[in-house]
Amino acid sequence: MSNDKKISIQHYEDGTASVLRRPVVYTELRFYQRSDVVYQLTQVFCQRYLPKYGDRTVDQMVQAARSVKQNIAEGSSDGQTSTAVEINLLGIARGSNKELLEDYLDYLKRKGWKEWFGTSERFEHLHRFCKEHSKYEDYQPLLQKMNDEELANMAICLCHQVDKALTKYLERLDREFTTEGGIKERMTAARLEQRETQKEIIARQQQEIAALKAEIARLKMRLGE
């Protein structure tokens, strides 16, 4: 990577350059919040509508749902030091979300139902609610009132929204990585910036010393008059 690439460097309170990226509070990411809703919803769905024994689908769905939110959390945390690791873990989260989406779609097929979409009233209502709400406490009162078709379609709607958001987020990270590089490039940029800062400090100190020497010489001349 050439040195003319602009890398955004954070600083500590004393002005020291940092190699760390700006931390991401993953719990504030709406796609993480929705992934948590899907995880909680999936546990309710599996306990209520899938066999408790002899069906691996339950474990697969719960683990896939857990994988989405856990990899978002881990990727966002590790991303402070490595964009590459963050991209990899968020990619895994996206894959798990796709897997879970397929399980819900398969359930609808087995029941002879279709995914809600288009301009139907129930789809519009569901889509609007999921778009406007991302926290579990908003969904919790509804879960006990919904049947399996409604729960499955809600999970599917949320999975689509998580996938769309993750796709955009990964694209932004990809562009950032392509432009700025990874931790090695940040370390180089931080060291160079710190070196330039030290040079500026030394130059300023030398100017101050020169000014003091000049002032001392002037005072000596006045005392010798």
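About the cut-offs
Residues numbered from 1 in each chain as written. Predicted model: local features only at pLDDT ≥ 70, side-chain atom pairs only at ≥ 80, totals over all residues. Heavy atoms only, no water. Helix = DSSP H or I, 4+ residues; strand = E, 2+ residues; numbered from the N terminus. Buried < 20%, exposed > 50% of the residue type's maximum accessible area, 1.4 Å probe, protein only. Contact = heavy atoms within 4.5 Å. 1 Å grid on protein atoms, 1.4 Å probe; cavity = no way out; pocket = protein on both sides within 12 Å on 5 of 7 lines; lining within 4 Å. Points joined across faces, edges and corners; volume = space filled by probe spheres on them. Nonpolar A, V, L, I, M, F, W, Y, C, P; charged D, E, K, R; others polar. Salt bridge = Lys/Arg side-chain N within 4 Å of Asp/Glu carboxyl O. Phe/Tyr/Trp six-rings, centres within 6.5 Å; stacked < 30°, edge-to-face > 60°. Axes fitted to C-alpha atoms, helices over the stretch in contact; angles between N-to-C directions. Left-handed = near helix turned anticlockwise from the far one by under 90°. pLDDT = per-residue confidence, 0-100. Core = buried A, V, L, I, M, F, W, Y, C linked by side-chain atoms within 4.5 Å.

1. So, the side chain of Ser35
Now for step 1: Along the polypeptide, Ser35 turns up in helix α1 (residues 30–49).
Now for step 2: Among the residues examined, Ser35 registers a relative accessible area of 2% and is labelled buried.
Now for step 3: Ignoring anything within four residues of it in the chain, the contact list for Ser35 reads Val68, Lys69, Ile72 and Val162.

2. Describing the layout of surface pockets
Now for step 1: Within this model, the largest pocket holds a volume of roughly 310 Å³.
Now for step 2: Lining the largest pocket are 16 residues, with His127, Lys131, His160, Gln161 and Lys164 sitting closest to its centre.
Now for step 3: When contributions to the lining of the largest pocket are tallied by element, the ones reaching two or more residues are α1, α4 (121–132) and α6 (148–180).
Now for step 4: Sort the elements by how many residues they give to the lining of the largest pocket and α6 lands first, with 7 residues.
Now for step 5: Looking at the lining of the largest pocket residue by residue, the classes come out as 7 nonpolar, 4 polar and 5 charged.

3. Some remarks on the pattern of salt bridges
Now for step 1: Across all of its chains, the model carries 6 salt bridges by this definition.
Now for step 2: With a shortest N-O distance of 2.8 Å, Asp163 and Arg94 are connected by a salt bridge. With Asp163 in helix α6 and Arg94 in helix α3 (residues 83–111), the pair connects residues that are 69 residues apart, well separated along the chain.

4. Here's the deal with the packing of aromatic side chains
The relation between two aromatic rings is expressed through the spacing of the ring centres and the mutual angle of the planes.
Now for step 1: Going through the model one piece at a time under the given rule, you end up with 6 aromatic pairs.
Now for step 2: Here the aromatic rings of Phe129 and Tyr139 are separated by 5.1 Å at their centres, their planes lie at 85°, and the arrangement is edge-to-face. Of the two residues, Phe129 is situated in helix α4 and Tyr139 in helix α5 (residues 136–143); the sequence distance between them amounts to 10 residues.
Now for step 3: In this structure Tyr139 comes out as buried when scored by relative accessible area, which is 0%.
Now for step 4: An aromatic cluster is built from Phe45, Tyr49, Tyr104 and Tyr107, whose rings are joined through pairwise contacts.

5. Details of the packing of α1 against α3
Now for step 1: Contact geometry of α1 with α3 gives a least axis separation of 13 Å together with a crossing angle of 35°. When you trace α1 past α3, the crossing you get is left-handed. Residues Val38, Leu41, Thr42, Phe45 and Tyr49 of α1 form the contact with α3, whose participating residues are Leu100, Tyr104 and Tyr107.

6. Structural notes on the confidence of the model for the protein chain
Now for step 1: On average, the protein chain scores 84 in pLDDT, and the residues at 70 or more come to 79%.
Now for step 2: When mean pLDDT is compared element by element in the protein chain, α1 scores highest at 97, while strand β2 (residues 17–18) scores lowest at 60.

7. What to know about the environment of Leu50
Now for step 1: Checked against the element boundaries, Leu50 lands in the loop between α1 and α2 (57–78).
Now for step 2: Here Leu50 falls in the buried class, since its relative accessible area comes to 8%.
Now for step 3: Taking the C-alpha atoms as reference points, Leu50 and Tyr107, 57 residues apart in sequence, are found 9.7 Å from one another.
Now for step 4: The contact partners of Leu50, leaving out residues within four places of it in the chain, are Phe45, Thr57, Val58, Met61, Tyr107 and Arg110.

8. A closer look at the nonpolar core
Now for step 1: Counting 35 residues, the largest nonpolar core has Leu41, Phe45, Leu100, Tyr104, Met154 and Leu158 as its most contacted members.
Now for step 2: Sorting the residues of this core by element identifies α1, α2, α3, α4, α5 and α6 as the ones contributing at least two each.
Now for step 3: The element contributing the most residues to this core is α6, with 8 residues.
Now for step 4: When near neighbours in sequence (up to four residues on either side) are disregarded, Phe45 contacts Leu50, Met61, Tyr104, Tyr107, Asp148, Leu151 and Ala152.
Now for step 5: Within the second largest apolar cluster, 13 residues are counted, among which are Tyr32, Leu90, Ala93 and Leu173.

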